[in-house]
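Results of the structural survey
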Amino acid sequence: MKKQETYQPFTPSSLPRNCFLSVTVFLLLLQGCALPTRRDAVPAEFTTQATVPGIPDARFFADSGVESILPFALAGMEREKQFLARSGHRGPLPPVNFLAISGGGDNGAFGAGLLVGWTDAGNRPEFKLVTGISTGALIAPFAFLGPAYDDTLKKLYTTISQDDVLEKRTIFAAVFDDAMADNRPLWQLVSQYIDEAMLVEIANEYNKGRFLMIATTDLDARRPVIWNMGAIAASKDPKAVDLFRNIMVASAAIPGAFPPTMIDVEVDGTPYHEMHVDGGAMAQVFTYPPSLNIGEESKVRHFERDRTLYIIRNARLDPDWASVDRRTLDILSRTISSLIQTQGVGDLYQIYTIAQRDGIDYNLAYIGANFNAEHKMDFDTDYMRKLFDYAYQLAREGYPWQKYPPGFSAPASD
């Protein structure tokens, strides 16, 4: 006869000693961990009414209608007209150049190298508009201020390592924190270069009618935000430097990998927090919202001029082959990177369409299929140096700017 089993209630002592210790440690960690806190999010119905205290023209939502965006453009045009008048300019408006710098992590070394090589080639123009997302946001202020900051760009993208950007957290961060790594090192790195003196320089250029724009994603509202960095610099608000730094770091804060940046805003005097993450969650590169028809507005308001756009895509556009392990995280990671890649290509097509509509000369640069340096890890110093040198040499010899987005060719002429 089968011996009858006696029920034994579960107690900690019934566990093997090692297992008991592991469970005990885990329970202690549970008790000691608390999720990061935040102020209330902006209620949905007040999203577009929220402003940064003391700097009402600090930003706008990129998907807003032209009525929200046009005042920024017209105010800039008025500042430029006044500057040209003070400078003794007469006659038609001079030609202008736009620069859009994409995301791409440590592939930002491509954009940095291209800009420095472009300077040494002797034909790098001044840009009326500079935009940046993610790593492009880290490059944009230095590109905006011109060749005087080339040495800084080179240092940033040829000497830093992973330790200068992030501090890894434990595996428990996946459940009990807001990211798998801390980006305080990046904040400290940005703070070395972004100071009050630099904001004064940016403000001076802003007062000439030039624009520096950086994009982030408002994660609560799930909407793209374009920050008017020149207005922030010119505000003379005592918190402007920290806000400027926060926006740069937020634009490069890959969700899940890096913590979001909490931005203080208010609605009718009531304070709230907006949660901002990588602008790349919405787009990989941008110029200005499509609702702003520069071509049409120029004709109506007599602002006609020649406009040239340069886009630096800090990524390859050819297929990037890799053997993917049959594991959930590897498959998810590869899929997400594929989505980012195709989103970036789609952005190039959208910008091309806008440029065609508005009569803007389109020029595109990207990492070529002939660059094959080994990439061992994120923010691999050796890889970044090689990529910087690759882009530098191309630009120094005269970069072959592409006139169309990838896979597109000029329509056949009749």
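The rules we used
- Residues numbered from 1 in each chain as written.
- Predicted model: local features only at pLDDT ≥ 70, side-chain atom pairs only at ≥ 80, totals over all residues.
- Heavy atoms only, no water.
- Phe/Tyr/Trp six-rings, centres within 6.5 Å; stacked < 30°, edge-to-face > 60°.
- Buried < 20%, exposed > 50% of the residue type's maximum accessible area, 1.4 Å probe, protein only.
- Helix = DSSP H or I, 4+ residues; strand = E, 2+ residues; numbered from the N terminus.
- Pairing = 2+ DSSP bridges.
- Right-handed = clockwise from strand over helix to strand, strands pointing away.
- Salt bridge = Lys/Arg side-chain N within 4 Å of Asp/Glu carboxyl O.
- Core = buried A, V, L, I, M, F, W, Y, C linked by side-chain atoms within 4.5 Å.
- Contact = heavy atoms within 4.5 Å.
- Arc of directions from axis to C-beta.

**Structural notes on the packing of aromatic side chains**
Enumeration according to the criterion identifies 18 aromatic pairs in this entry. Measuring from centroid to centroid gives 5.9 Å for F142 and Y149, while their planes differ by 45°, and the two rings are tilted. Considered together, F142 and Y149 belong to a single accessibility category, that of buried residues. An angle of 65° between the planes, with centres 5.2 Å apart, marks the rings of Y399 and W401 as edge-to-face. As far as the burial class goes, Y399 and W401 line up, both buried.

**Looking at the pairing of strand β2 (residues 96–101)**
Counting buried positions over the 6 residues of β2 gives 6, a clear majority of the element. Residues V96, F98 and A100 line one face of β2 and the alternating positions N97, L99 and I101 line the opposite face, and both faces are buried. Pairing between β2 and strand β3 (residues 129–133): 4 bridges, direction parallel. From the neighbouring strand, I101 faces β3, where its bridge partner is G132. Where the polypeptide runs from β2 across helix α3 (residues 108–121) and back to β3, its parallel neighbour, the crossover connection is right-handed.

**Description of the pattern of salt bridges**
The final tally for this structure, using the stated rule, is 18 salt bridges. Residues E205 and R210 are paired through a salt bridge, measuring 2.9 Å at the closest nitrogen-oxygen approach. In terms of burial, E205 and R210 fall into one category: buried. A salt bridge links D325 to R327; its shortest N-O distance comes to 3.6 Å. Look at R327 and you get exposed, because its relative accessible area is 52%. Salt bridges sharing partners connect three or more residues here, namely E80, K128 and R305.

**Focus on the nonpolar core**
The biggest cluster of nonpolar side chains holds 79 residues, and the ones touching the most others in it are F110, L114 and I232. Apart from the residues lying within four places of it in its own chain, the contact partners of L114 are I312, A365, A391, Y392, A395, Y399 and W401.

**Comments concerning the environment of A234**
Summarising the element assignment, A234 is placed in helix α9 (residues 229–234). Using a relative accessible area of 27% as the deciding quantity, one classes A234 as partly exposed. For A234 and N204, which are 30 residues apart along the polypeptide, the C-alpha to C-alpha distance reads 7.7 Å. Once residues within four sequence positions are removed from consideration, A234 is found in contact with A203 and Y206.

**As for helix α8 (residues 196–206)**
Those residues of α8 not exposed but buried are M198, L199, I202, A203, E205 and Y206. The arc that holds the buried residues of α8, viewed along the axis, is 160°, so those residues lie on one side.

**What to know about unusual backbone geometry**
With phi around 60°, S134 is a residue other than glycine that occupies positive phi space. Here S134 is to be found in the loop between β3 and α4 (135–145). Judged by its relative accessible area of 9%, S134 falls in the buried class. Even without glycine at this site, D268 takes up a positive phi of about 50°. Look at D268 and you get exposed, because its relative accessible area is 75%.

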